[in-house]
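Topology and contacts: notes
Given next are the chains, with one letter for each unit.
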Amino acid sequence: MLVGFCIAAVSGVFLGIIVGWWPRARDLLEPVIEILRPIPPLAWIPLAMLWFGLGFKPAVFLIWLGAFFPILLNTVLGIEGTPKNLIEVAKTLGANSWQILFKVGVPSATPSIMAGLRIGIGIGWMCLVAAELTGSNSGLGYMIMYYYSTMEAAKTVAGMLMIGIVGYLAFMGLKKLEDRMLFWRVSA
Amino acid sequence: MSQPKLLIQNVSRTFSERKHGKTTEALRDISLEVRAGEFVCLVGPSGCGKTTLLKIIAGLETADTGAVYLDGKQVNAPGPERGLVFQEFALFPWRDVAGNVAFGPEVLKRPLSEQIKLAERFITLVGLDGNEHKYPAELSGGMNQRVAIARALANNPEVLLMDEPFGSLDAQTRYLMQTELLRIWNENRKAIVFVTHSVEEAVYLADRVVVMTAGPGSIKQVYPVDLSYPRHRADHGFISLREKITASIAEEVK
């Protein structure tokens with residue numbers, strides 16, 4: 001779970017900064033992104049199993065896939081939304097374009113990036129469970145399917161609740177991190 | 001006669017809207033000199049290109065014709081020798097007061113000890129001692145504008161460009177900030193080009209008030225203000241000059 005999410009976070013934020021900052025990169029990459037994005041992660045499961053077989057690897061791939069797009073799109077939005085006057089003021093203070101990107105663009109996009117991470121971790125988690133339901137022999141998804149086959153509804157529900165609780169904990173953890181990083185947003 | 005600090009020579013600027021193929025002439029043949037240490041106010045009807053002119057001086061916009069010279073050198077791009085203060089402060093909300101003020105020295109890669117010293121010095125100059133580690137969201141509009149002024153001054157600019165810096169402040173704070181700006185100007189004697197809507201503000205602050213015509217903006221008339229500081233808004237001389245300039249702008253609005 002964590003591995004897939006971390007890869008998604010790094011790749012999504014990195015690519016998001018590039019696409020959000022350089023219009024030429026956006027023109028080039030946006031069509032590719034927009035074609036791949038509407039494909040539901042579930043539709044990737046067969047391909048994931050063909051490529052990676054069963055077990056850990058296809059799960060990482062699916063988590064990455066689920067988490068990547070919300071992180072990417074929110075990063076792009078955040079970078080594109082950097083207030084123009086902050087960029088202008090940085091220029092008049094003598095900042096070069098790299099400094100403007102990393103000292104103005106990226107911090108200004110942080111709230112949006114954090115939102116993307118929170119959405120991403122939720123979707124990534126859903127993808128993981130979906131992957132376990134179909135192509136795995138361990139994990140909560142597998143547990144649900146197992147108790148489904150033994151017709152134990154209560155234990156199936158228990159598995160579902162566990163999924164919800166773990167998702168909630170991940171969400172809250174990121175929220176805590178976000179509050180700490182974005183303290184400056186709190187108005188007086 | 002020494003050369004002017006800032007020389008604006010025959011600057012014109014026309015904006016074209018790509019969508020409609022329509023063009024808007026914003027500035028027409030502006031020429032103006034600003035001496036070292038001089039305080040010049042630009043006033044004029046809305047949309048007369050005051051802000052565009054300021055952005056051209058700052059290097060954020062380019063002139064179609066003409067040029068801007070600082071100490072005889074032509075200006076082509078933004079640079080730290082021309083500090084800019086916006087109406088909406090444009091502070092970095094993720095940096096505290098000290099971090100905002102030190103931004104200029106930081107991107108110019110001054111040593112850290114110098115960054116701290118400069119930040120301290122200019123925070124004191126604008127009267128914000130004790131607020132170094134507060135964030136813009138925690139400060140009032142007047143205090144935020146002080147931070148923006150300190151940030152612009154921390155690069156030791158040759159000219160301070162101010163775009164309606166007190167426009168969004170309430171009347172009380174505005175008066176206070178005008179007095180404060182004069183004090184700061186007295187202490188470091190930078191040339192200031194100050195854009196404002198308020199004729200009273202212009203007469204209170206400036207050595208010279210430049211009245212611009214309605215779009216396309218050109219210089220209509222320049223009024224020297226021969227009143228000694230501190231000025232009093234109820235003085236006869238103050239009121240008559242204010243009325244003269246107000247009438248001159250009113251002709252443009254018609």
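Everything numeric here is computed off the predicted structure, so don't read it as measured data.

**Side note on the overall build of chain B**
Scanning chain B for helices and strands turns up eight helices and 10 strands. Relative to the globule expectation of 18 Å for 254 residues, the C-alpha radius of gyration of chain B, 18 Å, shows essentially globular dimensions. Looking at the 254 residues of chain B, the share that counts as buried comes to 54%. For chain B, long-range pairs separated by at least 24 residues make up 69% of all intrachain contacts whose partners lie at least 6 apart in sequence. Per element, the accessible surface of chain B, about 11200 Å² overall, is 50% carbon and sulfur. Of the side chains in chain B, 30 bear a positive and 31 a negative charge, and the two mean positions are spaced by 2 Å.

**Here's the deal with the packing of aromatic side chains**
What the rule picks out here adds up to 17 aromatic pairs over all chains. On the numbers, 6.1 Å between centres and 10 degrees between planes, the contact of A:Trp98 with A:Phe102 is stacked. In this pair, A:Trp98 and A:Phe102 are both assigned in helix α6 (residues 97-135), four residues apart and thus about one turn of the helix distant. Here the aromatic rings of B:Phe92 and B:Phe103 are separated by 4.5 Å at their centres, their planes lie at 35 degrees, and the arrangement is tilted.

**A closer look at the pattern of salt bridges**
Residue and element names in this part refer to chain A. Counted according to the given criterion, the structure contains 27 salt bridges over all chains. Residues Lys175 and Asp179 are paired through a salt bridge, measuring 3.7 Å at the closest nitrogen-oxygen approach. Linking Lys175 with Asp179, this pair stays in helix α8 (residues 153-181), spanning four residues, or about one helical turn. Classification of Asp179 as partly exposed rests on a relative accessible area of 44%.

**Focus on the packing of helix α5 (residues 141-153) of chain B against helix α6 (residues 171-188) of chain B**
When two helices pack together, their arrangement is given by the angle between the helix axes and by the axis-to-axis distance. All names here are of chain B. It is at 11 Å that the axes of α5 and α6 come closest, and there the two elements cross at 20 degrees. What the angle tells us is that α5 and α6 run roughly parallel. The interaxial crossing formed by α5 with α6 has right-handed handedness. Side by side, α5 and α6 meet where Gly142, Gln145, Arg146, Ile149 and Leu153 of the first sit next to Thr173, Leu176, Met177, Glu180, Ile184 and Asn188 of the second. Of the residues assigned to the contact of α5 with α6, the class counts are five nonpolar, four polar and two charged.

**Side note on the confidence of the model for chain A**
Of the residues in chain A, 97% reach a pLDDT of 70 or more, and the chain-wide mean stands at 87. When pLDDT is averaged over each helix and strand of chain A, the minimum, 83, is found for helix α7 (residues 139-149) of chain A and the maximum, 93, for helix α5 (residues 84-92) of chain A.

**Some details on the packing of helix α2 (residues 23-36) of chain A against helix α4 (residues 56-80) of chain A**
Residues and elements named next belong to chain A. Packing of α2 against α4 leaves a shortest axis separation of 12 Å and a crossing angle of 145 degrees. By crossing handedness, the relation of α2 to α4 is classed as left-handed. In this structure, α2 uses Arg26, Ile33, Glu34 and Leu36 to contact α4, whose residues at the interface are Phe69, Leu72, Leu73 and Glu80. Among the residues making up the contact of α2 with α4, the classes are represented as five nonpolar, no polar and three charged.

**Thoughts on α4(A)**
All names here are of chain A. In this model, α4 (25 residues) spans 36 Å end to end at C-alpha, consistent with the 36 Å of a helix rising 1.5 Å per residue. Along its length, α4 reaches its greatest deviation from straightness, about 30 degrees, at Phe68, and the proline Pro70 lies no more than four positions downstream. Most of α4 is tucked away, with 19 of its 25 residues classed as buried.

**Some details on the interface of chain A and chain B**
Residue-level contacts link 21 residues of chain A with 28 residues of chain B. Summing both partners gives a buried area of about 2100 Å² for chain A against chain B, and 67% of it is carried by carbon and sulfur. Considering only the side of chain A, the residues that lose the most area to chain B are A:Thr92, A:Leu93 and A:Trp184, jointly responsible for 33% of the buried surface there. Taken together, the links from chain A to chain B amount to two salt bridges. There are five residue pairs in polar contact (both at pLDDT 80 or more) connecting chain A and chain B. Put simply, the parts of the chain that give the side of chain A that touches chain B at least two residues each are α5 and α6 of chain A. Considering only residue class, the side of chain A that touches chain B consists of 11 nonpolar, six polar and four charged.

**Some words on the state of the cysteines**
All names here are of chain A. In this structure the tally under the stated criterion is zero disulfides over all chains. No disulfide involves Cys6; its nearest neighbouring cysteine sulfur is the one of Cys127, lying 16 Å away. Taking the relative accessible area as the measure of exposure, Cys6 reaches 41% and is therefore partly exposed. Judged by relative accessible area, which is 8%, Cys127 ranks as buried.

What counts, and at which threshold
Residues numbered from 1 in each chain as written. Chains lettered and ligands numbered in written order. Predicted model: local features only at pLDDT ≥ 70, side-chain atom pairs only at ≥ 80, totals over all residues. Heavy atoms only, no water. Helix = DSSP H or I, 4+ residues; strand = E, 2+ residues; numbered from the N terminus. Rg over C-alpha atoms; globule rule 2.2 N^0.38 Å. Buried < 20%, exposed > 50% of the residue type's maximum accessible area, 1.4 Å probe, protein only. Contact = heavy atoms within 4.5 Å. Areas by Shrake-Rupley, 256 points an atom, 1.4 Å probe, with all protein chains shown as cover. Lys, Arg positive; Asp, Glu negative; His and termini not counted. Charge placed at Lys NZ, Arg CZ, Asp CG, Glu CD. Phe/Tyr/Trp six-rings, centres within 6.5 Å; stacked < 30°, edge-to-face > 60°. Salt bridge = Lys/Arg side-chain N within 4 Å of Asp/Glu carboxyl O. Axes fitted to C-alpha atoms, helices over the stretch in contact; angles between N-to-C directions. Parallel < 35°, antiparallel > 145°, perpendicular 65-115°, else oblique. Left-handed = near helix turned anticlockwise from the far one by under 90°. Nonpolar A, V, L, I, M, F, W, Y, C, P; charged D, E, K, R; others polar. pLDDT = per-residue confidence, 0-100. Expected span 1.5 Å × (residues − 1). Bend = angle between axes of the 7 residues up to and from the residue. Buried area = accessible area lost by both parts, 1.4 Å probe. Polar contact = N/O pair within 3.5 Å; in protein donor to acceptor, adjacent residues only side chain to side chain. Disulfide = S-S within 2.5 Å.

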